[in-house]
Amino acid sequence: MADVRARLYLITPRIGAITEIEPQLAAALGAGDVACLLLRFAAMPERAAKEIAKRVAAIVQQRDTALLVEDARLAAHVGTDGVHVEGLGQAFADALDSMKPGRIVGVGAGLSRDEAMQAGEAGADYLMFDAGPGAAAETLGLTAWWAEIFNVPCVGVAHRRDEVEALGASGAEFVGLGDAVWRDPRGLAAVVGDAEAALVRAAARRGVPA
């Protein structure tokens, strides 16, 4: 179990245009300790995805926030910090081959315990646990189990604001904020600020520095 407080991991919706996230992004990154942004795309030409990724990278990386995408080829062309894949299939194997050792390879999100252990043994840099909206207890259980036993960092994904503190107190290194936070009418920065406060409370519960 990590002896430091959890940090935030933002997961974008599947965007189709830079205008869907760019106006809010800088303020959101300044509202909390955001360790990583996973940039996800709707179906689009590779050239368009590259242009969006470059513009997001210009905002994200100057704030010491890691930028990940879901495609190893795109990650290599744009120069992101790494790639996130789902499941233990060929995409995961290809990502390990092409990204390691210099860049991050993360894997998730609906992993079973057996799959999580296989991914950790294969060399994943982190595991993401997300049983989906409405399954907060299952996500928390998997996250706490992994954080208690294994050294590979993990991300527990929150789909509601009131799930953040428990995940932060579970021992996970990161708490993911999924699609719902981008739809909050108060704006992304407000949600990130709330999540940051929840992680500070979680750290206090665990007796680790905030």
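Our subject in this report is the structure included herewith. What you see is a predicted model; the values in this text were computed from it and never measured.

Calculation criteria
Residues numbered from 1 in each chain as written. Predicted model: local features only at pLDDT ≥ 70, side-chain atom pairs only at ≥ 80, totals over all residues. Heavy atoms only, no water. Helix = DSSP H or I, 4+ residues; strand = E, 2+ residues; numbered from the N terminus. Rg over C-alpha atoms; globule rule 2.2 N^0.38 Å. Buried < 20%, exposed > 50% of the residue type's maximum accessible area, 1.4 Å probe, protein only. Contact = heavy atoms within 4.5 Å. Areas by Shrake-Rupley, 256 points an atom, 1.4 Å probe, with all protein chains shown as cover. Lys, Arg positive; Asp, Glu negative; His and termini not counted. Charge placed at Lys NZ, Arg CZ, Asp CG, Glu CD. Core = buried A, V, L, I, M, F, W, Y, C linked by side-chain atoms within 4.5 Å. Pairing = 2+ DSSP bridges. Right-handed = clockwise from strand over helix to strand, strands pointing away.

1. Remarks on the overall build of the protein chain
Stage number 1. Of the regular secondary structure elements, the protein chain holds 9 helices and 8 strands.
Stage number 2. For 210 residues, the compact-globule formula gives about 17 Å, and the C-alpha radius of gyration of the protein chain, at 16 Å, lands near that figure.
Stage number 3. Counting only C-alpha atoms and orienting by the principal axes, one finds that the protein chain spans roughly 45 × 40 × 30 Å.
Stage number 4. Here the protein chain holds 210 residues, and the buried ones make up 50% of them.
Stage number 5. Within the protein chain, residue pairs in contact and separated by at least 24 positions form 60% of the contacts whose partners lie at least 6 positions apart.
Stage number 6. Carbon together with sulfur atoms contributes 50% to the accessible area of the protein chain, which is approximately 9,300 Å² in total.
Stage number 7. If the 20 positive side-chain charges of the protein chain are averaged to one point and the 28 negative ones to another, these points end up 5 Å apart.

2. Considerations on the nonpolar core
Stage number 1. Counting 60 residues, the largest nonpolar core has Leu-39, Phe-41, Val-56, Leu-127 and Phe-129 as its most contacted members.
Stage number 2. Setting aside its immediate chain neighbours within four residues, Val-56 contacts Ile-18, Ile-21, Leu-25, Leu-37, Leu-39 and Leu-67.
Stage number 3. Core analysis: the next-biggest nonpolar cluster, separate from the first, contains 11 residues, Tyr-9, Leu-38, Leu-68 and Tyr-126 among them.

3. A closer look at the pairing of strand 8 (residues 174-177)
Stage number 1. Bridge analysis of strand 1 (residues 7-15) against strand 8 gives 4 bridges, and the strand direction is parallel. Bridge pairing links Leu-10 to Leu-177 in strand 8.
Stage number 2. Of the pairings in the sheet, the one linking strand 7 (residues 154-158) to strand 8 comprises 4 bridges and is parallel in character. Note on strand 8: the bridge partner recorded for Val-155 is Phe-174.

4. Some thoughts on the pairing of strand 6 (residues 126-129)
Stage number 1. Of the two faces of strand 6, the one carrying Tyr-126 and Met-128 and the one carrying Leu-127 and Phe-129 are both buried.
Stage number 2. As defined by bridge partners, strand 5 (residues 104-108) adjoins strand 6 across 2 bridges and the pair is classed as parallel. Bridging from a neighbouring strand, Val-107 pairs with Leu-127 of strand 6.
Stage number 3. Following the backbone out of strand 5, through helix 5 (residues 113-122) and into the adjacent parallel strand 6, one traces a crossover that is right-handed.
Stage number 4. Where strand 6 meets strand 7, 3 bridges bridge the pair, whose relative direction is parallel. If you follow Leu-127 over to strand 7, its bridge partner there is Cys-154.
Stage number 5. This β-α-β element, strand 6 to helix 6 (residues 136-149) to strand 7, shows right-handed connectivity.

5. Here we look at the side chain of His-84
Stage number 1. Along the chain, the position of His-84 falls in strand 4 (residues 82-86).
Stage number 2. In this structure His-84 comes out as buried when scored by relative accessible area, which is 1%.
Stage number 3. Excluding residues that lie within four positions of it along the chain, His-84 makes contacts with Tyr-9, Leu-38, Val-69, Glu-70, Gly-106, Val-107, Gly-108, Tyr-126 and Met-128.

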